[in-house]
Amino acid sequence: MDISTQSTDAPPPSPQPSVTEQKRSSHGATRPGDRIFLGLSRGSGIFLLVIMAAIAVFLTYRASLAISKDHGNFLTTFEWNTNLVPPTFGIAVLAFGTVISSIIAMVLAVPIAVAIALFITHYAPRRFGGPVAYVIDLLAAVPSIVYGLWGALILVPHMTGLYGWLDTYLGWTGIFSWQGGAPRSMLTVGILLAIMILPIITNVSREVFRQVPQMHEEAALALGATRWEVIRMSVLPFGRSGVISASMLGLGRALGETMAVATVLSPDFLIHGSLLDPGGGTFAQNIASKFGEATEQGRDALIASGLVLFVITLLVNGAARAIIARRKEYSGANA
Amino acid sequence: MKLQRMNRRALTLGALAVSGALALTACGSDDTGSKDNGGGKTATAAAGSIKCDDAKGQLLADGSSAQKNAIDAWVKAFTQACSGVQINYKGGGSGAGVTAFTQGQVAFAGSDSALKPEEVTASKKVCNGGTGIDLPMVGGPIAVGFNVPGVEKLVLDAPTLAKIFDSKISKWNDEAIKKLNPDAKLPDLKIQAFHRSDESGTTDNFTKYLIAATPDNWKYSGGKAWQAKGGQSAPQSSGVAQQVKQTSGAIGYMELSYAKDGIKAAAIDTGASAPVEATIENTTKAIADAKVVGTGSDLSLELNRATKAEGAYPITLVTYEIVCDKGNKADTLPATKAFLRYIASEDGQKVLSGIDYAPIPTEIIAKVRTTIDALS
């Protein structure tokens with residue numbers, strides 16, 4: 001089916017300027033308003049880059065101070081004790097926890113979010129879809145500390161049933177075995193994060209699915225496709241890169257989530273084989289937990305860990321852009 | 001056209017990186033300090049006894065969250081009497097308080113532990129011709145709260161406590177616990193020991209007690225970060241209390257004011273004739289057993305944590321106010337002095353027991369008063 005290969009571009013909602021328009025804006029700044037605007041926007045751009053560079057320099061400097069004093073190996077030590085003489089700290093557990101909790105969140109959230117977005121755009125009656133979309137958006141407006149409190153007070157006590165079930169039927173895998181500790185583990189954190197990132201993924205996916213050209217869908221319908229086949233052949237391929245972008249936005253939130261994780265998780269500096277064992281930690285949670293009482297040295301160490309999170313986030317986003325870009329090259333839409 | 005598309009892509013990548021960074025910083029700035037509002041009660045003091053002298057202006061302070069409720073009560077009473085003074089105590093944590101003090105940002109700092117030698121050195125830069133000193137102002141019992149179905153009273157001693165928190169004892173019907181509680185019906189239930197996930201003066205003092213009282217069973221070096229492996233953790237005293245309340249078989253340490261509504265506090269068998277309950281009076285008795293170890297006008301205390309004195313509750317925390325002995329800033333000195341004089345006064349100390357803190361015993365607080373009068 002030709003439709004599927006023709007339509008894999010992410011549709012930026014803004015109209016693309018034509019070649020003549022571009023020429024005019026880059027060469028012919030003749031009127032004063034144009035010149036002022038050009039100067040303003042160029043200045044803002046440069047200002048932004050300078051701020052970013054200053055932040056980067058500051059963070060790198062403070063981080064290098066801390067790492068040079070670290071008695072353990074910054075990458076592999078399973079401990080965070082910056083008050084010892086010499087201080088010993090490492091990010092292994094934090095990196096592991098950050099990645100694992102985000103993976104759990106993505107695995108749970110992405111399919112549900114896509115399903116909700118499809119439901120709103122293609123199945124629900126218009127009168128019903130609007131309010132549902134609105135309610136989902138409301139989830140995004142809830143501050144993360146509220147999610148944290150809700151998680152600690154309501155979600156955690158209600159997880160024991162699920163944990164028992166997982167232990168009974170999937171305990172043999174090792175990663176779902178449960179020793180009976182309070183359910184303040186990576187799995188609970190992942191579930192909470194999934195709920196938190198749901199709105200952003202749903203919202204962007206919904207917009208993308210809305211942009212699917214009517215012609216594609218009608219063409220598919222005309223060929224006798226069922227509604228599910230229309231979605232499979234025209235909507236999903238068209239929206240794929242948009243959904244990936246949406247997921248990356250969600251992933252960014254999951255990677256950096258602080259207060260909710262700090263409230264729900266029972267952190268320690270060990271890597272647990274089972275997702276159901278309380279313990280582990282994430283970068284952001286560790287910074288929130290340790291910052292208040294940290295000494296100068298401790299803060300530098302936390303900054304160093306934050307820098308690692310920054311790098312991880314950049315890598316993930318870069319990888320996502322690469323995936324989207326590669327898909328673009330092969331698609332016919334841009335030719 | 002192709003080239004322009006590449007540029008746009010690079011720009012988007014950059015924009016994504018930037019917005020990612022912004023998102024990260026946005027998360028990082030979430031306020032963590034405002035949850036420790038467990039006291040809630042307010043105490044009124046006889047406003048007539050507060051001497052304002054020529055105190056006025058704004059007083060900035062920062063530090064220990066453990067004494068935040070006490071400071072709040074004091075500030076309320078003091079500013080009612082002396083309307084020209086504004087006191088702004090930010091309970092950002094002891095570490096933050098000391099840092100702010102040595103950088104000269106605050107008039108005084110609250111801290112759960114006395115200044116370290118290098119911090120004293122650092123304070124000389126701020127205290128013109130003097131150094132930072134520690135004034136003990138507030139005592140607090142650290143309660144060992146438990147939640148065991150069917151058990152109303154629990155007695156523990158230091159070795160058992162150490163083994164429980166070091167995951168060496170894992171069931172409530174363990175022989176060691178049975179021996180201390182012959183009358184209790186201890187269930188065959190897993191012990192879930194909760195400690196603090198954030199660095200904390202409460203952890204520091206709790207582990208200092210274990211180190212002093214049972215060094216064979218608690219071999220960790222101590223400090224504000226929890227060091228033993230195993231067990232579970234939660235942020236702040238309120239977080240630990242919450243977990244103990246909702247987890248069957250849980251035990252955890254917390255400031256006394258949090259040990260209520262479904263949490264019972266264990267009594268400690270110190271070797272005195274009867275197990276000691278975690279109460280305000282018993283804490284003051286334990287502080288009375290302390291030695292002043294500070295030099296000069298510094299009044300930092302060394303608690304006798306392995307105390308066997310009758311009725312002295314050993315798991316105790318003393319928090320200090322840190323000021324310069326000489327060389328306080330001229331514009332804040334009158335207000336600082338007046339406020340400290342009030343909180344060290346009989347009325348000021350009387351406020352404490354109403355909000356689950358322990359007053360400092362008479363002999364030590366008398367020395368504090370003398371020191372405050374000499375501040376310059």
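Residues numbered from 1 in each chain as written. Chains lettered and ligands numbered in written order. Predicted model: local features only at pLDDT ≥ 70, side-chain atom pairs only at ≥ 80, totals over all residues. Heavy atoms only, no water.

Student: I'd like to hear about the overall build of chain A, residue by residue, with values.
Tutor: Regarding its fold elements, chain A presents 13 helices and two strands. The burial tally for chain A puts 46% of its 335 residues in the buried class. Residue pairs in contact within chain A that sit at least 24 positions apart in sequence constitute 74% of those at least 6 positions apart. Summed over its atoms, the accessible surface of chain A is roughly 16,500 Å², and 69% of this surface lies on carbon and sulfur atoms. (Helix = DSSP H or I, 4+ residues; strand = E, 2+ residues; numbered from the N terminus. Buried < 20%, exposed > 50% of the residue type's maximum accessible area, 1.4 Å probe, protein only. Contact = heavy atoms within 4.5 Å. Areas by Shrake-Rupley, 256 points an atom, 1.4 Å probe, with all protein chains shown as cover.)

Student: Break down helix α8 (residues 236-246) of chain B for me, with residues and values.
Tutor: Working note: α-helix, 3.6 residues per turn, so residues spaced by three or four point in the same direction. By the burial criterion, the buried members of α8 of chain B are Gln236, Ser237, Gly239, Val240, Ala241, Gln243 and Val244 of chain B. Lining the buried residues of α8 of chain B we find α6 (144-158) of chain A together with β4 (132-147), β6 (192-196), β7 (232-234) and β8 (250-255) of chain B.

Student: An account of the state of the cysteines is needed here, citing residue identities and associated values.
Tutor: Residue and element names in this part refer to chain B. One pass over the structure, following the stated rule, counts two disulfides over all chains. Paired through a disulfide, cysteine 52 and cysteine 82 show a sulfur-sulfur distance of 1.9 Å. In this structure the cystine formed by cysteine 52 and cysteine 82 twists about its S-S bond by roughly -90°; its chirality is therefore left-handed. Note that cysteine 52 is positioned in the loop between α1 (2-28) and β1 (57-63) and cysteine 82 in the loop between α2 (68-81) and β2 (85-90), a separation of 30 residues in sequence. Looking at cysteine 82, the relative accessible area reads 3%, which means it is buried. Across chain B, the disulfide pattern expressed with sequentially numbered bonded cysteines is 1-2, 3-4. (Disulfide = S-S within 2.5 Å.)

Student: Provide a residue-level description of the pairing of β4 of chain B, including the pertinent values.
Tutor: Residues and elements named next belong to chain B. Within β4, 16 of the 16 residues are buried, leaving the element largely enclosed by the surrounding structure. For β4 and strand β13 (residues 316-324), the ladder comprises nine bridges, and the chain directions are antiparallel. Residue pairing across strands places proline 136 opposite tyrosine 320, the latter belonging to β13. (Pairing = 2+ DSSP bridges.)

Student: Please set out the confidence of the model for chain A residue by residue, giving values where relevant.
Tutor: Interpretation of this model should avoid reading the predicted coordinates in detail wherever pLDDT is low. Residues and elements named next belong to chain A. Per-residue pLDDT for chain A averages 86, and the proportion of residues at 70 or more is 89%. Scored below 50 in pLDDT, residues 1-11 shows 31 contacts in the model against residues more than four places distant or in partner chains. Here residues 330-335 is a poorly scored stretch, pLDDT under 50, and it has nine contacts once near neighbours within four places are set aside; other chains count. (pLDDT = per-residue confidence, 0-100.)

Student: Describe the UniProt feature "transmembrane region" (unreviewed entry) in chain A, and please don't skip the residues or the numbers.
Tutor: Under the local residue numbering, the UniProt record ascribes the feature "transmembrane region" (unreviewed entry) to residues 45-67, 87-120, 132-156, 185-205 and 301-320 of chain A. The straight-line gap between the two end C-alpha atoms of residues 87-120 of chain A is 53 Å; of that span, 85% is helix and 6% is strand. (UniProt positions renumbered as here; feature names shortened; annotations may be inferred.)

Student: How would you sum up the UniProt feature "domain: PBP" (unreviewed entry) in chain B? Please name residues and give values.
Tutor: Under the UniProt annotation, the feature "domain: PBP" (unreviewed entry) is placed at residues 55-346 of chain B. The distance from the first to the last C-alpha atom of residues 55-346 of chain B is 20 Å, and the span holds 32% helix and 23% strand.

Student: So what's going on with the nonpolar core? Residues and values would help.
Tutor: The biggest cluster of nonpolar side chains holds 61 residues, and the ones touching the most others in it are Trp80, Leu187, Leu192, Leu193, Ile197, Leu276 and Phe283 of chain A. Per-element tally for this core: the top contributor is helix α8 (residues 186-210) of chain A, with 11 residues. Apart from residues lying up to four places away in sequence, phenylalanine 283 of chain A is in contact with Ile91, Leu94, Ala95, Thr98, Ser305, Val308, Leu309 and Ile312 of chain A. Counting residues in hydrophobic clusters, the runner-up holds 49 residues, among them Leu156, Trp226, Ala259 and Ile268 of chain B. (Core = buried A, V, L, I, M, F, W, Y, C linked by side-chain atoms within 4.5 Å.)

Student: Could you give an account of the side chain of threonine 247 of chain B, with specific residues and numbers?
Tutor: Relative to the helices and strands, threonine 247 of chain B is located in the loop between α8 and β8. Threonine 247 of chain B gets classed as buried once you look at its relative accessible area, which sits at 7%. With sequence-adjacent residues up to four places away left out, threonine 247 of chain B is seen in contact with Ala182 of chain A together with Asn147, Gln192 and Phe194 of chain B.

Student: Mind laying out the environment of valine 156 of chain A, listing which residues take part and the relevant values?
Tutor: Of note, valine 156 of chain A is situated in helix α6. Excluding residues within four positions of it along the chain, valine 156 of chain A makes contact with Gly151, Pro183, Arg184, Thr188 and Val264 of chain A together with Gln246 of chain B.

Student: Residues and numbers for helix α9 (residues 280-288) of chain B, please.
Tutor: For α9 of chain B, the complete set of buried residues consists of Ile280, Asn282, Thr283, Thr284, Ala286 and Ile287 of chain B. Looking at the packing, one finds that the buried side of α9 of chain B touches β4, β12 (301-302), β13, α11 (346-353) and α12 (362-374) of chain B.

Student: Break down the UniProt feature "domain: ABC transmembrane type-1" (unreviewed entry) in chain A for me, with residues and values.
Tutor: Taking the UniProt record as the reference, the feature "domain: ABC transmembrane type-1" (unreviewed entry) is found at residues 95-320 of chain A. From the first C-alpha to the last, residues 95-320 of chain A spans 19 Å; its make-up is 77% helix and 0% strand.

Student: Kindly report on the environment of valine 240 of chain B, identifying the contributing residues and their values.
Tutor: Residues and elements named next belong to chain B. For valine 240, the location among the structural elements is in helix α8. Since its relative accessible area comes to 0%, valine 240 is described here as buried. For the pair valine 240 and phenylalanine 194, spaced 46 residues apart in sequence, the C-alpha to C-alpha distance is 6.4 Å. If we skip the residues at most four places from it in the chain, valine 240 touches Phe194, His195, Arg196, Ala234, Pro235, Gly252, Tyr253 and Met254.

Student: For the packing of helix α4 (residues 92-123) of chain A against helix α5 (residues 126-141) of chain A, give the residues involved together with the corresponding values.
Tutor: Residues and elements named next belong to chain A. Packing of α4 against α5 brings their axes to within 8 Å, and their N-to-C directions diverge by 150°. Our classification of the angle between α4 and α5 gives roughly antiparallel. In contact with Ile116, Phe119 and Ile120 of α4, α5 contributes Phe128, Gly129, Val132, Ala133 and Ile136. Class assignment of the residues belonging to the contact of α4 with α5 gives a composition of seven nonpolar, one polar and no charged. (Axes fitted to C-alpha atoms, helices over the stretch in contact; angles between N-to-C directions. Parallel < 35°, antiparallel > 145°, perpendicular 65-115°, else oblique. Nonpolar A, V, L, I, M, F, W, Y, C, P; charged D, E, K, R; others polar.)

Student: Lay out a nonpolar patch on the surface in plain terms, naming residues and giving numbers.
Tutor: All names here are of chain A. The grouping of Phe119, Tyr123, Phe128 and Trp228 at the surface amounts to a nonpolar patch, some 420 Å² of accessible area in total. Inspection of the secondary structure assignment puts phenylalanine 119 in helix α4. You can call phenylalanine 119 partly exposed: its relative accessible area is 33%. (Patch = residues over 30% accessible without salt bridge, like charges linked within 9 Å, V, L, I, M, F, W, Y side chains within 5 Å. Salt bridge = Lys/Arg side-chain N within 4 Å of Asp/Glu carboxyl O.)

Student: How would you explain the pattern of salt bridges if you had to name every residue and give the values?
Tutor: Across all of its chains, the model carries 16 salt bridges over all chains by this definition. Salt-bridge contacts for arginine 206 of chain A lead to glutamate 207 of chain A; the nearest nitrogen and oxygen are separated by 3.5 Å. Judged by relative accessible area, arginine 206 of chain A falls into the buried class, the value being 8%. Across the pair arginine 196 of chain B and aspartate 198 of chain B runs a salt bridge, and its minimum N-O distance is 3.0 Å. Judged on exposure class, the residue arginine 196 of chain B and its partner aspartate 198 of chain B are both buried.

Student: Before we move on, could you go through the packing of aromatic side chains and cite the residues and values that matter?
Tutor: Taken as a whole and assessed by the stated rule, the structure comprises 16 aromatic pairs over all chains. Ring geometry for tryptophan 218 of chain B against tyrosine 220 of chain B: centres 5.0 Å apart, planes inclined by 65°, an arrangement best described as edge-to-face. Joined through ring pairs, the aromatic side chains of Phe165, Phe206, Trp218, Tyr220, Trp226 and Tyr253 of chain B make up one cluster. The ring of phenylalanine 291 of chain A carries arginine 299 of chain A above its face, with NZ or CZ at 4.4 Å from the centroid. (Phe/Tyr/Trp six-rings, centres within 6.5 Å; stacked < 30°, edge-to-face > 60°. Lys NZ or Arg CZ within 6 Å of the ring centre and 35° of its normal.)

Student: An account of the packing of α8 of chain A against helix α10 (residues 227-256) of chain A is needed here, citing residue identities and associated values.
Tutor: Two measures define how a pair of helices packs: the angle their axes make with one another and the distance between the axes. All names here are of chain A. Two elements in contact, α8 and α10, have axes whose closest approach is 8 Å; the angle formed by their N-to-C orientations is 150°. Between α8 and α10, the angle is such that the two are roughly antiparallel. Our pair here, α8 against α10, has a crossing hand that is right-handed. Between α8 and α10, the contacting residues are Leu193, Met196, Ile197, Ile200, Ile201, Val204, Ser205, Val208 and Phe209 on the first element and Val235, Leu236, Phe238, Gly239, Gly242, Val243, Ala246, Ser247, Leu249, Gly250, Arg253 and Ala254 on the second. (Left-handed = near helix turned anticlockwise from the far one by under 90°.)

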